Amino acid sequence: MLQWSMAALGGAVTVAAISVMVWEGLQPSAPPMLRARIVEIEATAAGHVAMVQVTNDGDETAAAVKIEAVLGDQTATATLDYVPGHGEAKAYFRFDANPRTAVVRVQGWSAP
């Protein structure tokens, strides 16, 4: 009796796992939804370094993500190799002045 109940439990778990995978596979995936923000600023001898976090709230991965930070007349750019779906990546920008008021934006990306 114990052997039959364990076999039934194993079969139920297998069917549930396959059902979840099929359901996820049939759902449309959301394109990358990227946003960038400054999360940390550090003063160094060469100026100020801002750590920028790029978050992807979409399902798909974004490749060659170009980001830009503007502080007055100073502009800094960086390219991230990729930002996975529902993941994040970090980039660093150097400025002469404190970048707490810098405007950071994602300029574009490509499909991997």
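Residue numbering note: each chain is counted from 1, following its sequence as written. Confidence filtering applies because this is a predicted model: local features only for residues at pLDDT of at least 70, side-chain atom pairs given and counted only at 80 or more, and all residues used for totals across whole chains, interfaces and linings. Excluded from the side-chain calculations are hydrogens and water; all other atoms, namely the structure's heavy atoms, are used.

Examining the environment of D59
Within the secondary structure layout, D59 lies in the loop between β2 (47-56) and β3 (62-71). Sequence separation between D59 and S29 is 30 residues, and the spatial gap between their C-alpha atoms is 5.6 Å. In this description, contact between two residues means that some pair of their heavy atoms is separated by no more than 4.5 Å. Residue contacts for D59: discarding those within four places in its chain leaves P28, S29, A30, P31, G85 and H86. Among the polar contacts made by the side chain of D59, one reaches the main-chain amide nitrogen of A30 at a distance of 2.9 Å. In protein, a polar contact requires one atom able to donate a hydrogen and another able to accept it; more generally it is a pair of N or O atoms within 3.5 Å, and residues adjacent in sequence count only if both atoms are side-chain atoms. At 2.6 Å, the side chain of D59 forms a polar contact with the side chain of H86. Counting from the N terminus, the helices are the DSSP runs of H or I reaching at least four residues and the strands are the DSSP runs of E reaching at least two.

Notes on the sheet that holds strand β4 (residues 74-83)
What makes two strands pair is DSSP finding at least two bridges between them. Pairing within the open sheet is antiparallel, and its three strands lie in the order β4-β3-β6. Each edge of the open sheet is held by one strand with a lone partner, namely β4 and β6 (103-110). Averaged over all neighbouring strand pairs, the angle between strand axes comes to 20°, with direction disregarded. As paired elements, β3 and β4 share nine bridges and run antiparallel to each other. Residue pairing for β4: A69 is matched across the bridge by A76. Axis lines are fitted to C-alpha atoms, over the contacting stretch for helices. Their N-to-C directions set the angle, which ranges from 0 to 180 degrees.

A short note on the pairing of strand β1 (residues 34-44)
As defined by bridge partners, β1 adjoins β2 across 10 bridges and the pair is classed as antiparallel. Across the sheet, the residue bridging to L34 is N56, located in β2. From the end of β1 to the start of β2, which pair antiparallel, there are two residues.

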